[in-house]
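Survey of secondary and tertiary structure
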Amino acid sequence: MKNLRTVITTALVIALSSLGLGAASAADSAATRCSGTSGVAAPAARAAAQPVTVWLAGDSTMANPGSARCPVGWGSQFDALFNADVTVRNQAVGGRSIQTWMYEGNVSSTKGADGECRLTSSTYSSRWQSMLNAGTGMKAGDYLFIQFGINDSSSTCPRHVGPARYRQLMTTMVQAALARGAHPVLLTPVAALTCSGSTATKNRGFVNETFAVGSATRAPVVDLQSLSVSLYNSLRFCPHNGDFGSGPVGAFFCDDRTHFETYGAQRIAGLVAGDVRRQNLPLAAYLR
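What comes next concerns the included structure. (Residues numbered from 1 in each chain as written. Predicted model: local features only at pLDDT ≥ 70, side-chain atom pairs only at ≥ 80, totals over all residues. Heavy atoms only, no water.)

1. Structural notes on the packing of helix H4 (residues 163-179) against helix H5 (residues 207-217)
Put simply, the rule is: With axes taken as lines fitted to C-alpha atoms, and helix axes fitted only over the stretch in contact, angles between N-to-C directions fall between 0 and 180 degrees. Segments assigned H or I by DSSP are reported as helices when at least four residues long, segments assigned E as strands when at least two residues long, and all are numbered from the N terminus. Roughly parallel covers angles under 35 degrees, roughly antiparallel covers those over 145, roughly perpendicular covers 65 to 115, and oblique covers all other angles. Left-handed is the label given to a crossing in which the near helix is rotated counterclockwise from the far helix by less than a right angle, and right-handed is the label when the rotation is clockwise. Contact between two residues is taken to exist if any of their heavy atoms lie within 4.5 Å; hydrogens are not considered. In this classification, Asp, Glu, Lys and Arg are treated as charged, Ala, Val, Leu, Ile, Met, Phe, Trp, Tyr, Cys and Pro as nonpolar, and every other residue, Gly included, as polar.
Contact pair H4 / H5: the axes reach a minimum separation of 9 Å and the direction vectors enclose 40 degrees. Taken as axis vectors, H4 and H5 run oblique relative to one another. Relative to H5, the crossing made by H4 is right-handed. Across from Pro 163, Tyr 166, Arg 167, Met 170, Thr 171 and Val 174 in H4, the residues of H5 making contact are Glu 209, Thr 210, Ala 212, Val 213 and Thr 217. Within the contact of H4 with H5, the residues separate by chemical class into 6 nonpolar, 3 polar and 2 charged.

Have a look at this one:
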């Protein structure tokens, strides 16, 4: 009888221990799942919950449209690619080089001894001042997308900008963003449509200068010229007979082969968003 009690007692102890270990294992497993899942997902969720402003600085190929149907800059279509935590502030303006965008009204029509257009004042334009405003401008976590290089190639002032001056001004913009905790993103200028037989070709300058600033400041560069030319080739826009008022090309471009209809602007905005994702920039977490 005594031996029977011993056997029963031992069995109960083993059973209870097993249950305890099982419960502990289940609890540990649940805790691991919670900490593992939360530990990975929570930071992303918190990041996605933080409002972010994406500031755009550029020319007409990026700018919001005016009263006319065409042109439509790709920046006007960028906001739709992000979730509700992102606000796009498009400050691109048609006809501007990087210098006239930064110093609106203070760039003269004459060149100095260095070959650059003279500044009549070092006062920044109101659009750049608004971005630099400590209370309402760029803040930590925001993004600044910078795309120039089309009007800058003009030989005459006030739009003319030389390579060294271009690098200097773009670096100034990058450093201003970094000083505020914002993330600068540089873009090479989007290509116009030019054909060499059945192949669309590159036609923009200041590409090397943009990459040089990106390398020096460690700012990411979206090679929008290469991306846009690749898109034109994939859509078989070349050869082209020069009629920009009809067909697939007419649905993409205005009648100057440089500016975009709404559809074209949407496709170019998609290229930029796609490269943000490809480069795994933190902003990609906000894309739809």
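So, next bit.
2. Observations regarding the pairing of strand E3 (residues 107-111)
Applicable threshold: The pairing criterion is simple: DSSP has to find at least two bridges between the two strands.
The pairing of E3 with strand E4 (residues 117-119) spans 2 bridges and is antiparallel. By the bridge assignment, Lys 111 is partnered in E4 with Cys 117.

3. Quick word on the state of the cysteines
As a reminder of what qualifies: Whenever a pair of cysteine sulfur atoms sits within 2.5 Å, that pair is classed as a disulfide. Each residue is assigned to one of three classes by its accessible area relative to the maximum for its type, calculated with a 1.4 Å probe on protein chains only: buried under 20%, partly exposed between the two thresholds, exposed over 50%.
On inspection of all chains with the given rule, the structure shows 3 disulfides. Each sulfur in the disulfide pair Cys 117 and Cys 157 lies 2.1 Å from the other. Its S-S torsion of approximately -100 degrees makes the covalent link between Cys 117 and Cys 157 left-handed. Here Cys 117, found in strand E4, pairs with Cys 157, found in the loop between strand E5 (143-147) and H4; they are 40 residues apart in sequence, far enough to count as distant. The buried category is assigned to Cys 117, whose relative accessible area is 4%. The connectivity of the disulfides in the chain is 1-6, 2-3, 4-5, where the numbers refer to bonded cysteines in sequence order.

4. Concerning the environment of Leu 281
Tracing the sequence through the fold places Leu 281 in the segment after helix H8 (262-278). Residues within four places of Leu 281 in sequence aside, it is in contact with Val 185, Pro 220 and Val 276.

5. Thoughts on the packing of helix H6 (residues 224-234) against H8
Interaxial distance between H6 and H8 falls to 10 Å at its minimum, and their mutual angle equals 125 degrees. Classified by the interaxial angle, the pair formed by H6 and H8 is oblique. Classified by chirality, the crossing of H8 by H6 is right-handed. Across from Leu 224, Leu 227, Ser 228, Leu 231 and Tyr 232 in H6, the residues of H8 making contact are Arg 267, Ile 268, Leu 271, Val 272 and Asp 275.

6. As for the nonpolar core
For clarity, the cut-off: Put simply, a nonpolar core is a bunch of buried Ala, Val, Leu, Ile, Met, Phe, Trp, Tyr and Cys residues held in one set by side-chain atoms that sit within 4.5 Å of each other.
In this structure, Val 54, Phe 78, Phe 145, Tyr 232, Ile 268 and Leu 283 are the most contacted members of the largest nonpolar core, which totals 45 residues. Elements represented by at least two residues in this core include exactly strand E1 (52-58), strand E2 (86-90), E5, strand E6 (183-187), H6, helix H7 (247-252) and H8. Dropping the residues within four chain positions of it, Phe 78 is found in contact with Val 54, Leu 56, Val 88, Phe 145, Ala 269, Val 272 and Ala 273. Among the nonpolar cores identified, the runner-up in size contains 30 residues, and Ile 98, Met 102, Phe 148 and Val 161 belong to it.

7. Topic: the environment of Glu 261
Note on placement: Glu 261 falls in the loop between H7 and H8. Along the chain, Glu 261 and Arg 69 lie 192 residues apart, while their C-alpha atoms are 7.5 Å from each other. For Glu 261, the contacting residues outside a window of four places in its chain are Arg 69, Cys 70, Val 72, Gly 250, Ala 251, Phe 252, Phe 253 and Cys 254.

8. Here's the deal with the pairing of E6
Every regular strand shows the same layout, with side chains that alternate between the two sheet faces. Rule in force here: Consider the strands pointing away from the viewer: the crossover is right-handed when the path from the first strand over the helix to the second runs clockwise.
Within E6, 4 of the 5 residues are buried, which leaves it mostly tucked inside the rest of the structure. Considered for its hand, the β-α-β crossover made up of E5, H4 and E6 is right-handed. Bridge count between E6 and strand E9 (residues 221-222): 2 bridges; the pairing is parallel. Note on E9: the bridge partner recorded for Leu 187 is Val 222.

9. A word on unusual backbone geometry
Following Cys 70, the chain continues into Pro 71 via a peptide bond in cis, with omega recorded as 10 degrees. Within the element layout of this structure, Pro 71 appears in the loop between E1 and E2. For the bond running from Cys 157 to Pro 158, omega is 15 degrees, close enough to zero to count as cis. With respect to the helices and strands, Pro 158 occurs in the loop between E5 and H4. We note that Phe 206 has phi near 65 degrees; this positive angle belongs to a residue other than glycine. Here Phe 206 is to be found in the loop between strand E8 (199-200) and H5. Here Phe 206 falls in the buried class, since its relative accessible area comes to 10%. Backbone geometry at Asn 280 places phi at a positive 55 degrees, although glycine is not the residue there. Secondary-structure assignment places Asn 280 in the segment after H8.

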